[in-house]
Amino acid sequence: MAHPSQLGFQDAASPIMEELLHFHDHALMAVFLISTLVLYIITTMMTTKLTNTNAMDAQEIEMVWTIMPAIILIVIALPSLRILYLMDEISDPHLTVKAIGHQWYWSYEFTNYEDLVFDSYMLPTQNLTPGQFRLLEVDNRMVVPMQSPVRMLISAEDVLHSWAVPSMGVKTDAIPGRLNQTTFIASRPGVFYGQCSEICGANHSFMPIVVEAAPLNHFQKWSSSMLES
């Protein structure tokens, strides 16, 4: 859960998000080194006359500042392509959940069960209990088993939406007439919050997403109670 004045990302709750955090730090170091070099060159140009004739026509310098950017791009691109492949790879999911965006709420369908379908609305402020977050809590959470691959099938019924849970490293557009898919594995138990990150209308900011990762026995009890109700 994000907190006020937070400068970094939320703590990772899935292996993919951990990889994204590592890649962010990796790319940020490259940006930091480039910025430091450029600042040094600008400072040098402003404080010296640069009248050395060897520096005015040096093929070696031109080779360095041509090859170095290419090497830096390769160093950044290879980890990025690896993570992109990991995010697109979906193999043997233990659970499949279909999320459909509406104006302005989400509906969930657990396709492994016959009748496990429910809507998820934001709780009004006056209905919140102590410890719940305003504009983020819902009446029906999406409960998933932890340490199990979960496949999300995401679509929309009316306009563009986007199913996004930052701590899971998931953000997939919900497009009417199109079925997008993504996957995640909750590496620890907890309650993880997200919001529709597409400008889908007047109440765009009032359709939160709440994913509760729980042990398998808790998930089985929850699914049984939802089917009975």
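What you see is a predicted model, and the numbers here were worked out from it, not measured in a lab. (Residues numbered from 1 in each chain as written. Predicted model: local features only at pLDDT ≥ 70, side-chain atom pairs only at ≥ 80, totals over all residues. Heavy atoms only, no water.)

1. Observations concerning the side chain of Thr172
Rule in force here: Comment: elements are numbered from the N terminus, with helices defined as DSSP H or I runs of at least four residues and strands as E runs of at least two. Contacts are assigned to residue pairs that have any heavy atoms within 4.5 Å of one another.
Checked against the element boundaries, Thr172 lands in strand 7 (residues 170-174). Sequence-distant contacts of Thr172, that is, excluding residues within four places in its chain, are made with Ile154, Ser162, Trp163, Asn180 and Thr182.

2. Looking at the nonpolar core
Note the following rule: Throughout, nonpolar core names a set of buried Ala, Val, Leu, Ile, Met, Phe, Trp, Tyr and Cys residues whose side chains join them through atoms within 4.5 Å. Exposure is judged per residue with a 1.4 Å probe applied to protein chains only, and the accessible area is read against the type maximum: over 50% gives exposed, under 20% gives buried, and values in between give partly exposed.
Counting 34 residues, the largest nonpolar core has Tyr108, Phe110, Met142, Trp163 and Phe184 as its most contacted members. Mapped onto this core, the elements with two or more residues apiece are strand 1 (95-102), strand 2 (105-110), strand 4 (142-145), strand 5 (149-156), strand 6 (161-165), strand 7, strand 10 (208-214) and helix 4 (216-228). Once you skip the residues sitting within four places of it in the chain, Phe184 turns out to touch Met142, Val144, Ser148, Pro149, Val150, Met152, Trp163, Met168, Val170 and Val211.

3. Some points on the UniProt feature "transmembrane region" (unreviewed entry) in the protein
Test applied: UniProt positions are given in the numbering used here, feature names are shortened, and annotations may be inferred rather than shown by experiment.
With numbering aligned to this structure, UniProt lists the feature "transmembrane region" (unreviewed entry) at residues 26-43 and 63-85. Annotated as 100% helix and 0% strand, the span residues 63-85 places its first and last C-alpha atoms 33 Å apart.

4. Focus: empty space enclosed by the protein
Convention followed: A 1.4 Å probe that fits but cannot get out identifies a cavity on a 1 Å grid over protein atoms alone, an open set with protein on both sides within 12 Å along at least five of seven lines counts as a pocket, and a residue lines either if it has an atom within 4 Å of a point. Grid points are joined across faces, edges and corners, and a volume is the space filled by probe spheres set on the points. Classes in brief: Ala, Val, Leu, Ile, Met, Phe, Trp, Tyr, Cys and Pro nonpolar; Asp, Glu, Lys and Arg charged; the others, Gly included, polar.
Counting across every chain of the model gives one cavity of 30 Å³ or more. Its volume calculated, the largest cavity comes out at about 40 Å³. Taken together, Ile16, Met87, Gly169, Val170, Thr182 and Thr183 make up the lining of the largest cavity. When grouped by side-chain class, the residues that make up the lining of the largest cavity number three nonpolar, three polar and no charged.

5. Overview of helix 1 (residues 15-47)
Put simply, the rule is: Multiplying 1.5 Å by the helix residue count minus one yields the expected span of that helix.
Under the 1.5 Å per step criterion, the end-to-end length of helix 1 is 48 Å for 33 residues, consistent within 8% with the ideal 48 Å. Considered for burial, the residues of helix 1 that qualify are Ile16, Met17, Ala27 and Ala30. Of the surrounding elements, those touching the buried residues of helix 1 are helix 3 (59-88).

6. Points about the sheet that holds strand 9 (residues 190-195)
Operational definition: One bridge is not enough; two strands pair if DSSP finds at least two bridges between them. Helix axes are fitted only over the stretch in contact, all axes being lines through C-alpha atoms; the angle between N-to-C directions runs from 0 to 180 degrees.
Read across the sheet, three strands follow the order 4-10-9 without closing on themselves; strand pairing throughout is mixed. Each having just a single partner strand, strand 4 and strand 9 make up the two edges of the open sheet. Sheet twist, expressed as the average angle between the axes of neighbouring strands with direction ignored, equals 25°. When strand 9 meets strand 10, the two strands line up antiparallel, connected through six bridges. The residue bridging Val191 from the neighbouring strand is Glu212, located in strand 10. Strand contacts of helix 4: strand 4 and strand 10, with the helix running at about 140° to strand 4, the strand carrying the most contacts.

7. Concerning the sheet that holds strand 3 (residues 117-120)
Reading across from one edge, 3-2-1-5-8 is the order of the five strands in this open sheet, with mixed pairing throughout. Each end of this open sheet is capped by a strand with a single partner; those strands are strand 3 and strand 8 (180-185). The sheet shows a mean angle of 25° between the axes of neighbouring strands, taken without regard to direction. For strand 2 and strand 3, the ladder comprises four bridges, and the chain directions are antiparallel. When the sheet's bridge partners are listed, Tyr108 is paired in strand 3 with Phe118.

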